[in-house]
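Secondary and tertiary structure notes
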Amino acid sequence: MSRTIVDIHIIQTVPPSNINRDDTGSPKTAVYGGTRRARVSSQAWKRSTRDAFDSMLDTSELGVRTRRVVELLADEITRQDSGLKDQAGKLAKATLEAAGIKLKAARKKDEAPDESGYLLFLSHAQVAGLAELAVSAAAAGGTVTIDKKEAKARADQKQSVDIALFGRMVADDTELNVDAAVQVAHALSVHEASNEYDYYTAVDDHKRADSEEDAGAGMIGTVEFNSATLYRYATVNVDRLRDTLGSDDAARRAVEAFARAFVTSMPSGKQNTFANRTLPDAVLVVVRDTQPISFVGAFEEALRGREQDSRIAASARRLADYGKEVQDTYDQRPVAAWCVGVGDRAAALTELGERTTFDVATKAVGALVAERMAGRA
Amino acid sequence: MSVLLLRLAGPLQSWGTSSRFTRRNTDRAPSKSGVIGLLAAAEGRARNESIDDLTMLRIGVRIDQPGQVERDFQTARPVDGSAPLPLSYRFYLADAVFLVAVEGAHDLLERLASALRTPVFPLYLGRRSCPPAGPVLLGMREGTAGELLRETPWQASGWFRRRHSDATVSLETVTDCPPGTPGSVLVRDEPVSFDPRHRQYEWRSVLRAPVTVGNPDHRVHDPMELLGGDG
């Protein structure tokens, strides 16, 4: 059986920043190859990737992750039939319960509609479908009964691109679960990284203007940060994506959107403090028909000494050498590969993939993926 | 008997056998349920498919590089601004390397080996955000799990091996054993079903024992070597 897997490898330098912190406010870290590295969790980067979809895909292809599902569905029912405004909340509740989703009273607010006990991921198409069902049940008159089988079907068909990519878990009814097509690794720095502390003072303007007052600071504190050149990796299982979305074309758009969003987004943590938004220094996109392969092993021995003077070039060189070694040792020839780099520093990656620009690479991946899906059918 | 040898290595792994709710623990070595899950994923089995043939396999793990436990803290915030979800703690094993021996019938292992070369679902080391570093399959051998855990060369990373100067190194193994074997312990780690509607684990009897393997980086210390000359 022909299979299609898209691996994305990224080398990206992030200046002093704290984009993903733990409960004590420190930037996250992990030990690898015996040295402490900067780390950005997979969850954090998936969130920023998903947020970036808003500007890349039509709302109808996306989903919403919320507990306020009753309110969401009631609004849609009202939008479809304004005459049902008064009973929309009740209808929404009945429809969701028929679909197998347990609801409970909203926390804190007394007047608010019921909520699901956990974050529920629904596509806009699913919300519209469930609302249609509620509207037609109400139109039938008499006691409103919602068909359970139909409600469940509507909550399970027409998955949105983000649900298909990142998966969905419904604790009450596992039939509504969707297995994710994307796997994102925690980003790790390619070198040893230690967290640093920025000591700051804040001036009290009013006090400073008053000549009677002393010149002391109004407040002092510290912000913890680090700076790092990260290796980031994600893989998309295109066949899985195609199965969940039910359409070659949607799967192709999802692959392209994911590639664009994953490569160009960044978690928003302390963005206003550090203005740390960068784009990757080097990107390698590999299409495979065997198995996904992370090249994180290239950085198990942390960059040190002279390599640190040209971190990006050294990282690209490491990635190219390691990638070639793994591919040769295990006979894992890629179907196709492209690389994108800023300036000449990432030149080593041309040994693994054809050099191009990011837009061309993304479109080429989309075209190849579509061709392979069509060939399989 | 035949044995499939796997090398489980990566920056992060997580093998929980006792995780509940917002605290997701990890053990210090891969669990049987985790390894069986990995094999089932490679074959593309859905969660509700039977794993009866796989649970018959005998599993042994050797801790080649123990790694260290790292705690990760996670928040979840709904897009609509409604009340945030409970904070959760996840535990990972960082920087660890394991050798896993899967013992069973030749034909079944042959099929699993081929599935591991082209896995249907992407493989991960206990948690989806933990892809393995490099391919997982080391190869297939004849023998028992116990023999291969004693005979297979040390799989630790170069930097880790170089910290050991002795000619041999003692590594801990955790292997399936018949219930009641002297010195064995029971762990809730015998997967019966991965079906999310009724996930089920039975008790598994394991024996922990050290094995001694050679250190390929062992160098006889010869201070005169540095002086050069005719020797």
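Residues numbered from 1 in each chain as written. Chains lettered and ligands numbered in written order. Predicted model: local features only at pLDDT ≥ 70, side-chain atom pairs only at ≥ 80, totals over all residues. Heavy atoms only, no water.

Per an unreviewed UniProt entry, chain B carries the name CRISPR-associated Cas5e family protein and comes from Amycolatopsis cihanbeyliensis.

1. Quick word on the overall build of chain A
From N to C terminus, chain A includes 12 helices and 14 strands. Seen through its principal axes, chain A has C-alpha atoms that stretch 80 × 80 × 35 Å. Relative to its 377 residues, chain A shows a buried fraction of 55%. Residue pairs in contact within chain A that sit at least 24 positions apart in sequence constitute 73% of those at least 6 positions apart. Taken as a whole, chain A presents about 16,700 Å² of accessible surface, with 47% of it coming from carbon and sulfur. Between the mean site of the 50 positive side-chain charges and the mean site of the 56 negative ones, chain A shows a separation of 3 Å. (Helix = DSSP H or I, 4+ residues; strand = E, 2+ residues; numbered from the N terminus. Buried < 20%, exposed > 50% of the residue type's maximum accessible area, 1.4 Å probe, protein only. Contact = heavy atoms within 4.5 Å. Areas by Shrake-Rupley, 256 points an atom, 1.4 Å probe, with all protein chains shown as cover. Lys, Arg positive; Asp, Glu negative; His and termini not counted. Charge placed at Lys NZ, Arg CZ, Asp CG, Glu CD.)

2. Some details on the pairing of strand 1 (residues 5–17) of chain A
Residues and elements named next belong to chain A. Across the 13 residues that make up strand 1, a large majority, 10, are buried. Here strand 1 pairs with strand 11 (residues 219–237) via 11 bridges, running antiparallel. When the bridges of strand 11 are listed, Ile8 appears paired with Ala234. (Pairing = 2+ DSSP bridges.)

3. Section: helix 8 (residues 238–245) of chain A
For helix 8 of chain A, every residue scored as buried is listed here: Val238, Asp239, Leu241, Thr244 and Leu245 of chain A. Positioned one or two residues after helix 8 of chain A, Gly246 of chain A has a phi angle of 75°, which is positive.

4. So, the interface of chain B and chain A
The interface is formed by 47 residues belonging to chain B together with 51 residues belonging to chain A. Both faces combined, the contact of chain B with chain A buries some 4,000 Å², and carbon together with sulfur accounts for 50% of it. Of the charged contacts, one joins Arg162 of chain B and Glu301 of chain A as a salt bridge, the two residues approaching to 2.9 Å between their closest N and O atoms. Connecting chain B to chain A are 22 residue pairs in polar contact (both at pLDDT 80 or more). Counting only elements with at least two residues in the side of chain B that touches chain A, the list comes to strand 1 (2–13), strand 4 (68–74), strand 5 (88–104) and helix 3 (106–117) of chain B. It is strand 4 of chain B that contributes the most residues to the side of chain B that touches chain A, 6 residues altogether. Taken together, the residues that form the side of chain B that touches chain A break down as 25 nonpolar, 9 polar and 13 charged. (Buried area = accessible area lost by both parts, 1.4 Å probe. Salt bridge = Lys/Arg side-chain N within 4 Å of Asp/Glu carboxyl O. Polar contact = N/O pair within 3.5 Å; in protein donor to acceptor, adjacent residues only side chain to side chain. Nonpolar A, V, L, I, M, F, W, Y, C, P; charged D, E, K, R; others polar.)

5. Here's the deal with unusual backbone geometry
For Lys158 of chain A, which is not a glycine, the phi torsion comes out positive at approximately 50°. Here Lys158 of chain A is to be found in the loop between helix 5 (148–156) and helix 6 (161–166). Judged by relative accessible area, which is 61%, Lys158 of chain A ranks as exposed. Phi at Asp95 of chain B is positive, roughly 70°, even though this residue is not glycine.

6. Observations regarding the side chain of Asp7 of chain A
Residue and element names in this part refer to chain A. By the element assignment, Asp7 lies in strand 1. Within the local environment of Asp7, its side chain forms a polar contact with the side chain of Tyr233, the two groups lying 3.0 Å apart. One polar contact links Asp7 to Arg288, side chain to side chain, over a distance of 3.2 Å. Setting aside anything within four residues of it in sequence, one finds Asp7 in contact with Tyr233, Ala234, Thr235, Leu284, Val285, Val286, Arg288, Pro292 and Ile293.

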